[in-house]
Amino acid sequence: MPELAEPAAIVEQFDCPTCEVPAGSTCRTRGGKVAPKYHTPRFMLVPQLRAEL
Ligand SMILES: [Zn+2]
């Protein structure tokens, strides 16, 4: 099984279901600031990453 080179890059190919940022953007907090990490539901969109949770 090949290793994921850049999980963040894969996650960013999807819109986030939680904070609703579009693909290509990092997650935002409710206050509109850049979130320290991606929201879990966004990872759920990526089968390879979901397997690692
Ligand atoms: Zn998000």
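None of the values given here were measured: they were computed from a predicted structure. (Residues numbered from 1 in each chain as written. Predicted model: local features only at pLDDT ≥ 70, side-chain atom pairs only at ≥ 80, totals over all residues. Heavy atoms only, no water.)

Caption draft 1: Just the overall build of the protein chain, in detail. The helix and strand tally for the protein chain stands at three helices and zero strands. Ordered by position from N to C terminus, the α and β elements of the protein chain give α-α-α. A total of 53 residues make up the protein chain; the buried ones form 23% of that total. If you take every contact in the protein chain between residues at least 6 apart in sequence, the share linking residues at least 24 apart comes to 33%. (Helix = DSSP H or I, 4+ residues; strand = E, 2+ residues; numbered from the N terminus. Buried < 20%, exposed > 50% of the residue type's maximum accessible area, 1.4 Å probe, protein only. Contact = heavy atoms within 4.5 Å.)

Caption draft 2: Quick look at the environment of Ala35. Mapped onto the fold, Ala35 is located in the loop between α1 (7–11) and α2 (40–43). Among the residues examined, Ala35 registers a relative accessible area of 12% and is labelled buried. Taking the C-alpha atoms as reference points, Ala35 and Cys19, separated by 16 residues in sequence, lie 9.7 Å from one another.

Caption draft 3: Examining the confidence of the model for the protein chain more closely. Per-residue pLDDT for the protein chain has a mean of 88; in total, 89% of the residues score no lower than 70. For the protein chain, per-element mean pLDDT is lowest for helix α3 (residues 47–50), which scores 84, and highest for α2, which scores 93. (pLDDT = per-residue confidence, 0-100.)

Caption draft 4: Inspection of the packing of aromatic side chains at higher detail. Tallied over the full model, the rule gives one aromatic pair. When the centroid spacing of 6.1 Å and the interplanar angle of 90° are considered together, the rings of Tyr38 and Phe43 count as edge-to-face. (Phe/Tyr/Trp six-rings, centres within 6.5 Å; stacked < 30°, edge-to-face > 60°.)

Caption draft 5: The coordination of the zinc ion, seen in detail. The coordination sphere of the zinc ion, as far as protein atoms go, consists of Cys16 (SG), Cys19 (SG), Cys27 (SG) and His39 (ND1), spread over 1.9 to 2.3 Å. Metal-centred angles of 104 to 116° between the four donor atoms at the zinc ion mark the site as tetrahedral. Along the chain, the residues donating to the zinc ion fall in the pattern C-x2-C-x7-C-x11-H. Residue Cys16 is located in the loop between α1 and α2, and its partner Cys27 is located in the loop between α1 and α2; the two are separated by 11 residues in the primary sequence. (Donors = N, O, S within 2.8 Å, 3.2 Å for Na, K, Ca; no water. Tetrahedral: all angles 85-135°; square planar, octahedral: opposite > 155°, others 65-115°.)

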